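Close look at the chain arrangement
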Amino acid sequence: METKPNRLKPEEQKLVEEHLPLVKRVADRRSLNRYRLLGEEEDVMQEAALGLMRAAATFNPAKGCAFAPYACICMRNRLNQLRKKAMRQVCTASPERRR
């Protein structure tokens, strides 16, 4: 069974395009330090962009929240997931760190 790739609706695509500068702001060098992801700037930018796209797809303006703060939260959550995944890989790669 073949699955269709997720596509953004035109209004969601417009939100992403309008708020693309937020990706750079969320994934700045300070954020790289905060999430302990130095040397992985492209990965962080890509993950933040995926967070922005998810924010656009799940945003509900009827809840009374502006899109930009919601998108920032979604991007930071995505970066936290990336950090946790990286930490799990470090822990499983070196058993002596578990002590």
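For the structure, see preceding data.
All values reported here derive from a predicted model rather than from experimental measurement. Residue numbers run consecutively from 1 along every chain, following the written order of its sequence. Reporting in this predicted model follows two pLDDT cut-offs: at least 70 for local features of residues, and 80 or more for side-chain atom pairs to be given and counted; totals over whole chains, interfaces and linings ignore these cut-offs and use all residues. To obtain the side-chain values, all non-hydrogen atoms of the structure were used and water was disregarded.

**Brief notes about the environment of K9**
- Under the DSSP-based scheme used, a helix requires at least four consecutive residues in state H or I and a strand at least two consecutive residues in state E, with every element numbered from the N terminus. Turning to its location among the elements, K9 is positioned in the segment before helix 1 (10–18).
- The exposure class assigned to K9 is partly exposed, which follows from its relative accessible area of 48%. Burial classes: relative accessible area under 20% of the type maximum marks a residue as buried, over 50% as exposed, and values in between as partly exposed (1.4 Å probe, protein chains only).

**So, the pattern of salt bridges**
- Should a side-chain nitrogen of Lys or Arg be within 4 Å of a carboxyl oxygen of Asp or Glu, the pair is scored as a salt bridge. Summed over the entire model, instances satisfying the criterion amount to two salt bridges.
- A salt bridge links E18 to K14; the nearest nitrogen and oxygen atoms lie 3.9 Å apart. Here K14 and E18 lie together in helix 1, a separation of four residues that amounts to about one turn.
- Assessed through its relative accessible area of 48%, E18 is described here as partly exposed.
- In this structure, R78 engages E47 in a salt bridge whose closest nitrogen and oxygen atoms are separated by 2.6 Å. Note that R78 is positioned in helix 5 (residues 67–93) and E47 in helix 4 (residues 41–58), a separation of 31 residues in sequence.
- Its relative accessible area of 28% is what places R78 among the partly exposed residues.
- For E47, a relative accessible area of 18% corresponds to the buried category.

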